[in-house]
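Understanding the architecture of this molecule
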Amino acid sequence: MKDKIKLFLETDLLEKYLLGATSREETSRVERYIVMYPEVRKQYEELQENLEAYVKMHALPSPEGLKAKILQRIRKEDRGRRKIRRFAIAASVAAFIFAGSSYFFWDQNQSLQDENILVNNRIQNLEADMKQQLEDVRNQFIVLNNPQTRKYFVNGNDKARDLKAVAYVNPVKKLSYINVRNLPNLPEDQCYQMWAEVNGEMVNLGIMKKIENKDKLLALPYGENAISYITIEPEGGNTSPTVQNIVANISY
């Protein structure tokens with residue numbers, strides 16, 4: 001029986017259940033285990049507390065200006081409808097006087113439609129960005145709370161002794177993240193840059209600046225026998241890593 005419970009807890013079903021990602025059969029199984037086994041119930045309650053704390057820590061603020069843009073869109077549409085009505089009335093009265101006015105009204109209506117499409121596209125882009133951020137938070141939670149996640153401590157070499165980081169790798173979910181806790185100061189003409197060598201391809205993960213949030217996780221590309229590097233590069237970054245300036249690396 002203990003082996004059965006142990007095998008269940010080693011899966012990610014509890015995490016998926018908390019996040020509403022289980023199938024009907026999985027949901028039934030999880031709820032049955034929570035009721036029947038105190039060990040599972042305790043793990044579930046701990047995960048609930050962890051999720052609440054994690055969501056509060058990584059709460060995503062509404063994109064700056066989103067409310068104002070939506071209100072602006074509503075006002076524009078309202079003004080647009082009023083304009084169209086006025087234009088239509090004026091056109092019907094003056095059509096016999098100035099036939100060319102019909103083109104003017106059509107052009108105004110077309111401009112309003114173009115503005116409406118533009119606002120719609122911007123809102124859709126904002127919604128897509130928020131969806132991606134929420135998906136990333138979900139993946140981070142799963143990685144941090146899954147018992148099959150491997151944890152690696154990363155220290156800098158002689159060129160960056162105070163560099164500290166922790167990598168989290170989950171081979172089952174094929175997800176990996178790194179939490180850079182500390183970066184030593186560099187001269188103004190230099191910067192840190194992160195790379196990953198995955199399936200024989202070098203991936204530029206971007207420049208790392210001052211650490212403002214020590215709990216922030218950065219996504220790493222997952223791959224079998226992947227290697228991640230942190231190098232010192234000229235200000236603005238480089239197109240390829242400077243091998244002699246590698247200050248930390250991790251195989252995962």
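Note that the structure is a prediction, hence the values are computed from the model and not measured.

**Quick word on the overall build of the protein chain**
A count of helices and strands for the protein chain gives 6 helices and 8 strands. For the protein chain, the α and β elements follow one another from N to C terminus as α-α-α-α-α-α-β-β-β-β-β-β-β-β. With 252 residues in all, the protein chain has 33% of them scored as buried. Here the contacts in the protein chain between residues at least 6 apart in sequence split such that 62% fall between residues at least 24 apart. Accessible surface computed for the protein chain: about 16400 Å², of which carbon and sulfur atoms make up 51%.

**Focus: the nonpolar core**
If you look at the biggest cluster of nonpolar residues, it comprises 22 residues, and the most contacted ones within it are L163, Y192, I230 and Y252. Those elements giving two or more residues to this core turn out to be strand 2 (164-170), strand 3 (175-182), strand 4 (190-198), strand 7 (227-234) and strand 8 (246-251). Not counting the four nearest positions on each side in its chain, I230 is found in contact with L163, Y192, Q193, M194, M208, N245, I246, V247 and A248. With 15 residues, the next largest nonpolar core counts I5, I34, Y37 and Y44 among its residues.

**Focus: the pairing of strand 4**
The buried count for strand 4 comes to 7 of 9 residues, which makes it a mostly enclosed element. With 8 bridges joining them, strand 4 and strand 7 adopt antiparallel strand pairing. Looking at the pairing, C191 lines up with E233 of strand 7. Bridge count between strand 4 and strand 5 (residues 201-208): 7 bridges; the pairing is antiparallel. Counted as the bridge partner of M194 is G206 from strand 5. Between strand 4 and strand 5, which pair antiparallel one after the other, the connecting turn spans 2 residues, and N199 there sits at a positive phi close to 50°.

**A look at the packing of aromatic side chains**
Counted under the stated rule, the structure contains 3 aromatic pairs. Of the aromatic side chains, those joined through ring pairs into one cluster are F8, Y33 and Y37.

**Observations concerning the side chain of K16**
Of note, K16 is situated in helix 2 (residues 13-18). Beyond its immediate stretch of four places on either side in the chain, K16 contacts A21, T22, E26 and K173.

**Points about the sheet that holds strand 1 (residues 150-155)**
Judged by pairing direction, the sheet is antiparallel, and its 4 strands sit side by side in the order 1-2-3-6 without closing on themselves. The open sheet terminates on both sides in strands that have one partner only, identified here as strand 1 and strand 6 (218-220). Each adjacent strand pair in this sheet contributes to an overall mean axis angle of 25°, direction not counted. The pairing of strand 2 with strand 3 spans 7 bridges and is antiparallel. Bridged to N170 within strand 3 is L175.

**Regarding the sheet that holds strand 4**
Pairing in this open sheet of 4 strands is antiparallel, and the strands run 5-4-7-8 from one edge to the other. Each edge of the open sheet carries a strand with a single partner, namely strand 5 and strand 8. If you compare each strand with its neighbour and ignore which way they point, the axes differ by 25° on average. Two strands pair when backbone bridges link them, and strand 7 and strand 8 are joined in this way by 5 bridges, in the antiparallel orientation. Bridge pairing links I230 to A248 in strand 8.

**With respect to the confidence of the model for the protein chain**
Should the pLDDT be low somewhere, the predicted coordinates at that spot are not to be read in detail. Averaged over all residues, the pLDDT of the protein chain equals 77, while 71% of them reach at least 70. Averaged pLDDT values over the elements of the protein chain bottom out at 53 in helix 5 (residues 66-94) and peak at 93 in strand 7. Across residues 86-106 the pLDDT falls below 50, and counting only partners more than four positions away or on other chains, this stretch makes 4 contacts in the model.

**Structural notes on the pattern of salt bridges**
In this structure the tally under the stated criterion is 5 salt bridges. Note that D158 and R161 form a salt bridge whose closest N and O atoms lie 2.9 Å from each other. A relative accessible area of 61% places D158 in the exposed class. A salt bridge links D215 to R181, with the shortest nitrogen-to-oxygen separation between them at 3.3 Å. Separated by 34 residues along the polypeptide, D215 in the loop between strand 5 and strand 6 and R181 in strand 3 bring together distant segments of the chain. A relative accessible area of 38% means that D215 is categorised as partly exposed. The class for R181 is partly exposed, based on a relative accessible area of 32%.

What counts, and at which threshold
Residues numbered from 1 in each chain as written. Predicted model: local features only at pLDDT ≥ 70, side-chain atom pairs only at ≥ 80, totals over all residues. Heavy atoms only, no water. Helix = DSSP H or I, 4+ residues; strand = E, 2+ residues; numbered from the N terminus. Buried < 20%, exposed > 50% of the residue type's maximum accessible area, 1.4 Å probe, protein only. Contact = heavy atoms within 4.5 Å. Areas by Shrake-Rupley, 256 points an atom, 1.4 Å probe, with all protein chains shown as cover. Core = buried A, V, L, I, M, F, W, Y, C linked by side-chain atoms within 4.5 Å. Pairing = 2+ DSSP bridges. Phe/Tyr/Trp six-rings, centres within 6.5 Å; stacked < 30°, edge-to-face > 60°. Axes fitted to C-alpha atoms, helices over the stretch in contact; angles between N-to-C directions. pLDDT = per-residue confidence, 0-100. Salt bridge = Lys/Arg side-chain N within 4 Å of Asp/Glu carboxyl O.

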